[in-house]
Amino acid sequence: MIKAIRGRLLWYVADPATEGAAARRYLEDGLLVVENGIVAAVGEAADLLPGLPAGTPVADHRPHIVAPGFIDAHIHYPQTQVVASFGATLLDWLERYTFVEEQLFADPAHAEAGARFFLDELLRNGTTTACVYGTVHPGSAEALFAESERRGTRMAAGKVMMDRGAPPGLVDTAESGYRDTKALIERWHGRGRQIYAISPRFALTSTEAQLEAAGQLAREHPDCLVQTHISENLREIEAVAALYPADRDYASVYDRFGLLGPRSLMGHCLHLTEEEFALFHARDAVAVFCPTSNTFLGSGLFDWGRMRDPRHPVRVAVATDIGGGTSYSMLATMGEAYKVLHLQGQTLTPDSAFHAMTLGNAVALGLDRLVGSFAPGHECDAVVLDAGATPATARRLERVRTIEEELFLLTTMGDDRAVRATYVMGELVHSA
Ligand code: GUN
Ligand code: ZN
C-alpha cells in the first residue's frame, strides 16, 4: 500500500549542537512516500510526484510543517488526574496526591480507560513514541501495551517496581516484582512496536533486594530499557544517603546493582556531583530533562551545559514527566526548557529543541534506526504543525521571516493547538 504526505518537511540527520544548521533537512515543498507504514522515499515533491503510481493518495498539508512524531522520554500514564496538584514538593507530592491516585490502577477497567485517554492525549499533542511508567500493578503495563498495540504506536513502558516507602496497596516484593516484570517482558518486549522498560521507581521505594532483582532483569534482558528517577529533590537525596550509607552517592546506588548503563533513562539529574557526572559518563547513561516538572515541583534547574562538559559529557533526553510535569505538549516542554536554560545563562536554539524531541530522543532510547527521522527505512510517524493556529500565534507569525523563527514561535507559544494532524505508520490517527 503506497501513499504520500506532502508539506514543508523538517527533520534532522545529526545533532545541531555539533553540526549547526547542517544537521537540519528542510524542504519547502517536500514529499514523503510511505509504503506499508515505512518511509520509502523523501525529497522534493516536484521530483517524486511524477514517479508515483497512478492514483496514489497524497495528503497535502501545505503550508504546514510536517516533522517526525515527537518522542517523550519520561511520562507517567497513571498521573493524568494528578497533574496540577497544588503546593507540594516531590516527597509530599508523592504521598498526598500520586500514591493515592496510583492505587486506583489495581482495577483493570480503570487502567484500560486511563490508557485510552493517555494515548488519545499523546496523539493530540503529536507525540507518537513515549517511555512510560505504569503503576506497581502488572495490569497497568498490560493495559498500556494492549492499547498501544491496537493503535500501532511504538511505546516503551513498564510496571514500576516498588517494595517499600509506599502504602500497602502500592507495593510488590523483590520476588513478585521480578516475576511480574519478567512475565511482562516475555509477553510484550519486541511484540510489534512495543518495548519493555524495566522500571524500579527510585531508590526510596525499592529495597536493596529489589534493586538487585531489577539489575538481574537488566542483565537477562540487555535490549530492554531501564528507567528510574535520580537526584530530583534535595530532601530525596538526603533520604537516599540515609538509606544507603555505604554508597558514595545516589548514582553509585543504582550503579552497584547494574542499573546505570547505556539503556538507562535516568529522570531528572538536577543535583549531580562531579563524581556522579563522571560515573554517568563512564556508563554512557542518559539524563532525562523534565523542565515543566522541575519548575512545577520546585525541584531545581537542569544544567544542560554541564552535561556537555568535555571532561565528562553525558547524553540527554527530554520529557514532559506528566503528572509532575504540567503539559503533555513536547512543544510547551521545549519552551520551558529554553527558560530553564536561559535562567542559567545558557541557550537552547530552535534547531536543538526540535532535534531533541525527535531524533535526539530516538538516539537516547536506542530507536534512531526506527523513529525520529524521515530517512528512508524509518517508520512513518509524523506530526503536522501550524505555527499560527491561534489568533495570538497567527499575529506573531506575520513577523516571522525564517524557519528558525517559526520553530521558536512553535516552542514558545505552541501546544496541542498547533498540532493539525498526527500520523502513525503513515496512517492518520488525529486530525484537528
Ligand atoms: N520520583 C519517584 N517517583 C516519581 C514520580 O512519580 N514523579 C516524579 N517527578 N518523581 C518521582
Ligand atoms: Zn517521573
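Heads up: the structure comes first, above all this text.
Residues numbered from 1 in each chain as written. Chains lettered and ligands numbered in written order. Predicted model: local features only at pLDDT ≥ 70, side-chain atom pairs only at ≥ 80, totals over all residues. Heavy atoms only, no water.

Undergrad: Could you clarify how one ought to interpret the packing of helix α6 (residues 174–188) against helix α7 (residues 208–220) in this entry?
TA: Each pair of packed helices can be summarised by the angle the axes make with each other and by the distance between the axes. Two elements in contact, α6 and α7, have axes whose closest approach is 8 Å; the angle formed by their N-to-C orientations is 25 degrees. Judged on the interaxial angle alone, α7 and α6 are roughly parallel. Judged by the sense of rotation from one axis to the other, the crossing of α6 with α7 is right-handed. Every residue of α7 that contacts α6 at Ala174, Gly177, Tyr178, Thr181, Lys182 and Ile185 is listed here: Ala209, Gln210, Ala213, Gln216, Leu217 and Glu220. (Axes fitted to C-alpha atoms, helices over the stretch in contact; angles between N-to-C directions. Helix = DSSP H or I, 4+ residues; strand = E, 2+ residues; numbered from the N terminus. Parallel < 35°, antiparallel > 145°, perpendicular 65-115°, else oblique. Left-handed = near helix turned anticlockwise from the far one by under 90°. Contact = heavy atoms within 4.5 Å.)

Undergrad: Sorry, what's going on with the nonpolar core here?
TA: One broad rule of soluble globular proteins: the nonpolar side chains tend to lie buried together. Counting 99 residues, the largest nonpolar core has Ile198, Phe280, Trp304, Met307 and Phe354 as the members making the most contacts within it. With six residues, the top contributor of residues to this core is helix α13 (residues 330–342). In contact with phenylalanine 280, not counting residues within four places along its chain, are Ile230, Ala251, Leu260, Met266, Cys269, Leu272, Ala285, Val286, Ala287 and Val314. If you look at the next biggest cluster of nonpolar residues, it comprises 18 residues, including Ile195, Ala197, Ala317 and Ala364. (Core = buried A, V, L, I, M, F, W, Y, C linked by side-chain atoms within 4.5 Å. Buried < 20%, exposed > 50% of the residue type's maximum accessible area, 1.4 Å probe, protein only.)

Undergrad: What is the right way to look at the pattern of salt bridges in this model?
TA: This structure, assessed with the given rule, holds 32 salt bridges. Where aspartate 29 meets arginine 6, a salt bridge forms, and the shortest distance between an N and an O atom there is 2.9 Å. Here aspartate 29, found in strand β2 (residues 24–35), pairs with arginine 6, found in strand β1 (residues 2–12); they are 23 residues apart in sequence, far enough to count as distant. The buried category is assigned to arginine 6, whose relative accessible area is 16%. Of the charged contacts in the structure, one is a salt bridge between arginine 8 and glutamate 406, with a shortest N-O distance of 2.7 Å. Placement of arginine 8 in strand β1 and of glutamate 406 in helix α16 (residues 403–413) is noted, with a sequence separation of 398 residues between them. Pair check on accessibility: arginine 8 and glutamate 406 agree, each one buried. Within the structure, one salt-bridge network assembled from shared partners comprises Arg6, Asp29, Asp60 and Arg62. (Salt bridge = Lys/Arg side-chain N within 4 Å of Asp/Glu carboxyl O.)

Undergrad: Any chance you could explain the side chain of asparagine 233 here in plain terms?
TA: Within the secondary structure, asparagine 233 sits in the loop between β10 (225–230) and α8 (234–243). The exposure class assigned to asparagine 233 is buried, which follows from its relative accessible area of 7%. In this structure the side chain of asparagine 233 is engaged in a polar contact, spanning 2.8 Å, whose partner is the backbone nitrogen of arginine 235. Asparagine 233 has contacts with Thr89, Leu90 and His271, leaving out every residue within four places of it along the chain. (Polar contact = N/O pair within 3.5 Å; in protein donor to acceptor, adjacent residues only side chain to side chain.)

Undergrad: What should I look at first to understand the site of ligand 1 in this one?
TA: Residues in close proximity to ligand 1 total 13 residues, the closest being His76, Gln79, Arg201, Glu232 and Asp321. In the environment of ligand 1, a nitrogen atom lies 2.9 Å from a nitrogen or oxygen atom belonging to the side chain of aspartate 321. Summarising the interface, the protein chains cover 100% of the accessible area of ligand 1, which totals 280 Å² for the free molecule. Per-element accounting of the shell around ligand 1 gives the leading share, three residues, to helix α3 (residues 90–102). Considered class by class, the residues forming the shell around ligand 1 number five nonpolar, five polar and three charged. (Near = heavy atom within 4 Å. Areas by Shrake-Rupley, 256 points an atom, 1.4 Å probe, with all protein chains shown as cover. Nonpolar A, V, L, I, M, F, W, Y, C, P; charged D, E, K, R; others polar.)

Undergrad: It is not clear to me how the packing of aromatic side chains should be interpreted in this structure. Could you clarify?
TA: Each aromatic ring pair is characterised by the separation of its centres together with the angle its planes make. Across all of its chains, the model carries twelve aromatic pairs by this definition. Considering the side-chain rings of tryptophan 11 and phenylalanine 374, the 6.0 Å spacing of their centres and the 55 degrees angle between planes classify their relative orientation as tilted. Within this pair, whereas tryptophan 11 is found in strand β1, its partner phenylalanine 374 is found in the loop between α14 (350–364) and β14 (382–385), the two being separated by 363 residues in sequence. The burial state of tryptophan 11 is the same as that of phenylalanine 374; both residues are buried. Ring geometry for phenylalanine 145 against tyrosine 196: centres 6.0 Å apart, planes inclined by 40 degrees, an arrangement best described as tilted. Taken together, the residues phenylalanine 145 in helix α5 (residues 138–151) and tyrosine 196 in strand β9 (residues 195–200) connect sequence positions 51 residues apart. With respect to burial, phenylalanine 145 and tyrosine 196 carry one shared label: buried. Taken together through their ring pairs, the aromatic side chains of Tyr77, Phe105 and Phe118 make up a single cluster. Above the ring of tryptophan 188, the side-chain terminus of arginine 191 is found at 3.9 Å from the ring centroid. (Phe/Tyr/Trp six-rings, centres within 6.5 Å; stacked < 30°, edge-to-face > 60°. Lys NZ or Arg CZ within 6 Å of the ring centre and 35° of its normal.)

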